Amino acid sequence: MSEGEDGGETAPTGPGGRFGTSDAPRWLLPSILYVLLAVAAYQLSGWLFVNLRGFLGLLFLAWLFSITLEPVVDWLERRGLRRGLATGLVLLALLVFAIAFLAVFGTLLAQQLAQLLKALPGALSSVTDWSNRVFDTDFATGEDLIRLTPETVRDLAERFTPGVLGVLSSLLGVVFQMLTLLLFVFYMSAQGPALRRTISSWFPARQQRVISVVWEISVEKAGGYVVSRLILAAISSVATGIFLVVIGVPYWLPLALWTGIVSQFVPTLGTYLAIALPAIIAAASQPMDGVWVIVFGTVYQQIENYVLHPRITSATVSIHPAVAFGSVIVGASLFGPVGALVSVPVVAAIQALVETYGRRYELVADDPATVTSVEQREPASDEERRDAQDE
């Protein structure tokens, strides 16, 4: 120990007069370690999210599909079937339905879709010319840029086609993803109750009740959203297809499917995007047909909003259109098309959880008795202030 100028003892120092590690506060080294671990965990989670984003989206899509099948699987299980067998039967029925649809409409759909893609540039030019004549606009038609000739098709194919090996690898990748999706769907649906019990067993009893409520709300919102959207998409496709056939619009089948899917699974803007393509194709051959298609889409949208949608959804997914639109943008930026598809049920589930566990207070201004009492107190307080001034 050494003495300072005032005669007191100074703290011991290390070599060269520097403080030793024993002089550092006890909390310093653990704090530095925790900060380094937090930074490392953040960097690792960001790297995993970027590299596993596609797989996470596929996994979430499989979960969404599995909880959509859950009501049917539960019904079959209550009838005495084992859950695995019930899940297999439901997936087999969906596969048979898809094969039957392709067998009935596959050839027609492929032919009309090929003709639609070939006729789309000419349709755009025809609509542009009609707009220039009727409304005295000066839009460039760009026929030379959008006309599809065998030479341009060959040039585009040589430029953007990766070759036979690339096409085969892409096709195998799509098949592998579909099989992976079906495998996860099967296991998530067949092992749904067991998975829920396993997750709940990791938490105390109080948290288990919270997990049960969260799970039920998520299943209700997500499953209700998908089922209601599928039903509305089917009704919209059938109604649009019948109308297009009646007025004689070509390529009615792909246009009807486009309208039903886009109008239901792209919130807010989907309705306008869905009806734009049939209107363009109809106006290319007969401009008034395009007007009739727009009128039909507007009328059908009102019927869907005020009659079909409330009855089918029955308040399973209550979410504001602006919130739905914002959630689609965020979901698409994070997970791409899959994120845009599943963003609305996710936000709906979060909103339901906030409403379940959140606390709201009654507005004072909404209570007439409170307003009356406040109005009565104000004159009394004014009189008290005047009496005090007089005194």
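Note that this is a predicted model, so its numbers are computed, not measured. (Residues numbered from 1 in each chain as written. Predicted model: local features only at pLDDT ≥ 70, side-chain atom pairs only at ≥ 80, totals over all residues. Heavy atoms only, no water.)

A word on the pattern of salt bridges. Evaluated as defined, the whole model comprises 3 salt bridges. D74 serves as the salt-bridge partner of R83, at 2.7 Å between the closest nitrogen and oxygen. Between E77 and R83 there is a salt bridge; the shortest N-O distance is 2.7 Å. A relative accessible area of 8% means that R83 is categorised as buried. What you see here is one network of salt bridges that share partners, running through D74, E77 and R83. (Salt bridge = Lys/Arg side-chain N within 4 Å of Asp/Glu carboxyl O. Buried < 20%, exposed > 50% of the residue type's maximum accessible area, 1.4 Å probe, protein only.)

Positive phi, normally seen in glycine, also occurs at Y251, with a value near 55°. The residue Y251 is located in the loop between helix 8 (205-247) and helix 9 (252-265) in this model. (Helix = DSSP H or I, 4+ residues; strand = E, 2+ residues; numbered from the N terminus.)

The next thing to look at is the side chain of S200. Following the sequence through the fold, S200 ends up in helix 7 (residues 192-200). According to the relative accessible area criterion, S200 is buried, its value standing at 12%. A polar contact of 2.9 Å, which involves the side chain of S200, links it to the backbone oxygen of R196. Discounting residues that sit within four places of it in the chain, S200 has contacts with Q208 and I211. (Polar contact = N/O pair within 3.5 Å; in protein donor to acceptor, adjacent residues only side chain to side chain. Contact = heavy atoms within 4.5 Å.)

This next bit is on the UniProt feature "transmembrane region" (unreviewed entry) in the chain. Under the UniProt annotation, the feature "transmembrane region" (unreviewed entry) is placed at residues 27-49, 55-73, 85-110, 164-187, 230-253, 265-284 and 328-354. For residues 27-49, the helix share is 96%, the strand share is 0%, and the end-to-end C-alpha distance is 32 Å. Here residues 85-110 runs as 100% helix and 0% strand, with 35 Å between its end C-alpha atoms. (UniProt positions renumbered as here; feature names shortened; annotations may be inferred.)

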